[in-house]
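Descriptive analysis of the structure
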Amino acid sequence: TFNLGDLYKDHIFFAVEQLKSMHAKDGLTGLDMTTEAFLVWKNEFVRAKRGGTPTSLIFADMDDLKKINDNEGHQVGDAALQEIARTLQRATRSSFDCVFRNSTKADEFGILLPGTSRHQGLEILKRLKEKLSTLQIDGPKGKVDVRASVGMATLRADQLGNDPASAFERLL
C-alpha cells in the first residue's frame, strides 16, 4: 500500500541532505567550507592525539578584494578568489590536506595540514608565499594583481587538549 508519510520522510531526508551538501562546499571555488573542514579536523584530532603528531594550519586572507570588486567588477573579484583557491590547492598534498574557505569571511581561506610540524609547515608556507606573490588575472582593463596575506599556526600533540573544537579555534 502507498504510505504518504513515507513519501514525505523521503523528501525531507533528501532536502536535508541537499542542504548539508550546499553548506559543505563553496559554490564559487569548490572548496570545503569551514564546517566541513571542522569535520575533517575532528578525525585528524583523534589521529594526532593517538599518534602524537602535530597539526599545522595555514591561513590566507585575500588582500584588496573590495578594491578589486569596486574597480574591476565582481566577476573579476570572483575570478581572483578562484585563482587563490586553485593556488592553495596546488600547494597541498591532495590526499592529506584540507583546503577550505571561511564560512563567515569570504576573502579568507585555510589549509589544514595534518601530521605537519612547524618546520614542515613553514616550508609549505614559503612556497605558497612565492606563488601568491606573482598571481595575476585578466580584468577588463588589463592585468590585475591578486595578493593574499598568509600565516601559520601549529599545535603539537601535547597542546591539543581534549576538545577538538577549542583546538580548531586555536589553530584558526
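These numbers come from a predicted model, not from an experiment.

Observations regarding the sheet that holds strand β7 (residues 148–155)
Spatially, the five strands line up as an open sheet ordered β1-β3-β4-β2-β7, and their pairing is mixed. Every interior strand has two partners, whereas the edge strands, β1 (32–33) and β7, have only one. Across the sheet, helix α6 (residues 164–171) lies against β2 (55–62), β3 (98–101), β4 (108–114) and β7, angled at about 140° from β7, the strand it touches most.

Looking at the nonpolar core
Formed by 28 residues in total, the largest nonpolar core has its most connected members in Ile-58, Met-62, Ile-84, Leu-88 and Phe-109. Those elements that place two or more of their residues in this core are β2, α3 (65–72), α4 (74–90), β4, α5 (118–132) and β7. Those residues in contact with Ile-58, other than ones at most four positions away along the chain, are Phe-109, Gly-110, Ile-111, Leu-113, Gly-121, Ile-124, Leu-125, Leu-128, Gly-151 and Met-152. Grouped together as the second largest cluster of nonpolar side chains are 14 residues, Ala-37, Trp-41, Cys-98 and Phe-100 included.

Observations regarding the packing of helix α2 (residues 34–51) against α6
In the contact formed by α2 and α6, the axes pass within 10 Å of each other and the chain directions differ by 115°. The interaxial crossing formed by α2 with α6 has right-handed handedness. Across from Thr-34, Ala-37, Phe-38, Trp-41, Lys-42 and Phe-45 in α2, the residues of α6 making contact are Pro-164, Ala-165, Ala-167, Phe-168 and Leu-171. Each residue belonging to the contact of α2 with α6 can be placed in one class, and the counts come to nine nonpolar, one polar and one charged.

What counts, and at which threshold
- Residues numbered from 1 in each chain as written.
- Predicted model: local features only at pLDDT ≥ 70, side-chain atom pairs only at ≥ 80, totals over all residues.
- Heavy atoms only, no water.
- Pairing = 2+ DSSP bridges.
- Helix = DSSP H or I, 4+ residues; strand = E, 2+ residues; numbered from the N terminus.
- Contact = heavy atoms within 4.5 Å.
- Axes fitted to C-alpha atoms, helices over the stretch in contact; angles between N-to-C directions.
- Core = buried A, V, L, I, M, F, W, Y, C linked by side-chain atoms within 4.5 Å.
- Buried < 20%, exposed > 50% of the residue type's maximum accessible area, 1.4 Å probe, protein only.
- Left-handed = near helix turned anticlockwise from the far one by under 90°.
- Nonpolar A, V, L, I, M, F, W, Y, C, P; charged D, E, K, R; others polar.

The analysis is restricted to geometry; functional conclusions fall outside its scope.
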